[in-house]
Amino acid sequence: MNTASDSHDGLDIGLTWNNSFSQLGEDFYTRLAPQPLPAPYWVGRSSAAAAVLGLDPSWLDSSELLEAVSGNRRLAGGATLASVYSGHQFGMWAGQLGDGRALLLGETGAGMEVQLKGAGLTPYSRMGDGRAVLRSSIREFLCSEAMHGLGIPTSRALCVIGSDAPIRRETIETAAVVTRLAPSFVRFGHFEHFSHGNQHDQLKALADYTIDRHYPECRTSEEFAGNPYAALLQAVSERTAIMVAQWQSVGFCHGVMNTDNMSILGLTIDYGPFQFLDAYNPGHICNHSDNQGRYAFNKQPNMAYWNLYCLGQALLPLIGEQEPAIAALESYKTVFPAEFGQRMGAKLGLMASQGEMSALDRALIEDILKLLAADRVDYTIFWRRLSHSDGGRDAAAVRDLFLDRVAADAWLLRYSERIKHIPRGESTDLMLKTNPKFVLRNHLGEQAIKKAKLKDFSEVNTLLTLLESPFEEHKGFEEYAGFPPEWAAGIEISCSS
Ligand code: AMP
Ligand code: MG
């Protein structure tokens, strides 16, 4: 298959390439080729992600593409490189980091960057081996597509491949590579890198590049007339606020919100020890290595702001003065609550209303979150059952989730009083499109990984199908929407990947 596209210049997969990042110059990256992995095999493939790339889906069955994404064959047209960035990790300046195991293959003419994660050593690998293990790669692959299915801004994942090459972590594991896609993999840390290094020409080149390619409206901002860099900070603050509001409403915990893991486009990137909440625990810490709970679920909104503040400091040489930078960051404080309120309102089946949410609706949301936390109710199951409760009129299955039934009944009564003003079908439709039936719970990922280690990739495929359309009923797959087993609480996911 596709042998016609072989050429001595590398494999032509039918895409045009633009490679704009590489035109920034060699201060921004090191050109190098991926290190081949022996005897690669397919683990998971997303035809939806192929469509985003404009890639003919038949490539996902081809041994040529398998060779290309495992580093055994060059792709024609790309510009293969590892970029340099720095960052704050767990609140501390960490200095230079960079793509230690990720490699940009290039950017297509349609504006999608294609990256291999786990492609081998780079000049930025520091103490690492440049590789990624199968378990974390399956998690990244599935969660990228799951987040997209939920409508949350994210990098995408085209495929994940495995190899029996041994990789040393706490134990000996095997290697894998995720091929991931995003319009840009530029991070807050890229800006911090050049700012901290007093490389202000490069800082400006990077900011201009980002604005021209992704935020052209910043050049004509009225609020920040003549200061496109302040406008950029504001635009990034808004996108980040929208992303984190979506995380909070769906119960997603990222786990490692270091500034080097924050996308300049407000995309969820760098999936590591992430978790979708099972029982609702606002203080939940999903990263076993996060001893202080810096990135606990309920701290994520503040941590995102902290990271934006770092970005603001990095951009200060371009913005010029403190005042517009502070004004730009302020937008986070209005956009986040507004977006979060909208999302939670939709979860309750309340139609989007212009302007501020009423105090009564806000109390309805705050009070249910308190009850969910007090009884450690399963977050996803609660919202899905509520969606099926006919506006709280038929709420026995919801009530059953609570220990404190008196409190649950009192809230359900308030809720049905509020929702009865909305046409019945409308609120139910909205809720069923807002409250997913399927999320990538830790134990589901673990089951797929366990089988994949035995070369059975059926669970990876099943989960991909369910998570691509998480609001559909998928009859026959009820067990994937059920309560987590008891052993799920004991799963420990650390930074090791
Ligand atoms: P992460 O916590 O995965 O976002 O990674 C933080 C930094 O460590 C980034 O610069 C990564 O490229 C680098 N890194 C993580 N794992 C490895 C590895 N196995 N080999 C080389 N670099 C790594
Ligand atoms: Mg990272």
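As the structure is a computational prediction, the values presented were derived from the model and not from experiment.

Some thoughts on the overall build of the chain
Thought 1: Each helix and strand counted, the chain has 15 helices and twelve strands in total.
Thought 2: For 497 residues, the compact-globule formula gives about 23 Å, and the C-alpha radius of gyration of the chain, at 23 Å, lands near that figure.
Thought 3: Taking the principal axes of the C-alpha coordinates as reference, the chain spans close to 70 × 60 × 40 Å.
Thought 4: Evaluated residue by residue, the chain yields a buried proportion of 59% over its 497 residues.
Thought 5: Of all intrachain contacts in the chain linking residues separated by at least 6 positions in sequence, the fraction that spans at least 24 positions is 73%.
Thought 6: Carbon and sulfur atoms make up 52% of the accessible area of the chain, which totals about 20,000 Å².

Quick look at the coordination of the magnesium ion (ligand 2)
Thought 1: Around the magnesium ion (ligand 2), the protein contributes the donor atoms N261 (OD1) and D270 (OD), which lie 2.0 to 2.1 Å from the metal centre. We note that N261, like D270, is buried.

A look at the pattern of salt bridges
Thought 1: Under the definition given, this model contains 31 salt bridges.
Thought 2: The shortest N-O distance in the salt bridge between K437 and E478 comes to 3.1 Å. Of the two residues, K437 is situated in the loop between α13 (424–434) and α14 (442–453) and E478 in the segment after α15 (458–468); the sequence distance between them amounts to 41 residues.
Thought 3: Judged by relative accessible area, K437 falls into the buried class, the value being 8%.
Thought 4: Taken together, the shared-partner salt bridges in this structure form one network comprising K117, E140, R180, R187 and D270.

Brief notes about the site of ligand 1
Thought 1: Taken together, 17 residues lie around ligand 1, and G98, G100, R126, G130 and N261 are the ones closest in.
Thought 2: Residue G130 places a main-chain N or O atom 2.8 Å away from a nitrogen atom belonging to ligand 1.
Thought 3: Between ligand 1 and R131, the relevant distance is 3.1 Å, taken from a nitrogen atom to a main-chain nitrogen or oxygen of the residue.
Thought 4: Its free accessible area being 480 Å², ligand 1 has 82% of it covered by the protein chains.
Thought 5: Class assignment for the residues of the shell around ligand 1 results in two nonpolar, seven polar and eight charged.
Thought 6: Three or more residues apiece are contributed to the shell around ligand 1 by two domains, here domain 1 (4–59 + 71–185) and domain 2 (189–346).

Section: the nonpolar core
Looking at soluble globular proteins, one finds that nonpolar side chains tend to be buried together.
Thought 1: Counting 124 residues, the largest nonpolar core has F21 and F191 as the members making the most contacts within it.
Thought 2: Counting residues per element, this core draws most heavily on helix α6 (residues 228–250), which supplies 13 residues.
Thought 3: Not counting residues within four places of it along the chain, the set of residues in contact with F191 comprises V186, L203, L206, A207, T210, I264, L311, A314 and L315.

Rules behind the numbers
Residues numbered from 1 in each chain as written. Chains lettered and ligands numbered in written order. Predicted model: local features only at pLDDT ≥ 70, side-chain atom pairs only at ≥ 80, totals over all residues. Heavy atoms only, no water. Helix = DSSP H or I, 4+ residues; strand = E, 2+ residues; numbered from the N terminus. Rg over C-alpha atoms; globule rule 2.2 N^0.38 Å. Buried < 20%, exposed > 50% of the residue type's maximum accessible area, 1.4 Å probe, protein only. Contact = heavy atoms within 4.5 Å. Areas by Shrake-Rupley, 256 points an atom, 1.4 Å probe, with all protein chains shown as cover. Donors = N, O, S within 2.8 Å, 3.2 Å for Na, K, Ca; no water. Salt bridge = Lys/Arg side-chain N within 4 Å of Asp/Glu carboxyl O. Near = heavy atom within 4 Å. Polar contact = N/O pair within 3.5 Å; in protein donor to acceptor, adjacent residues only side chain to side chain. Nonpolar A, V, L, I, M, F, W, Y, C, P; charged D, E, K, R; others polar. Domains from an automatic or database assignment. Core = buried A, V, L, I, M, F, W, Y, C linked by side-chain atoms within 4.5 Å.

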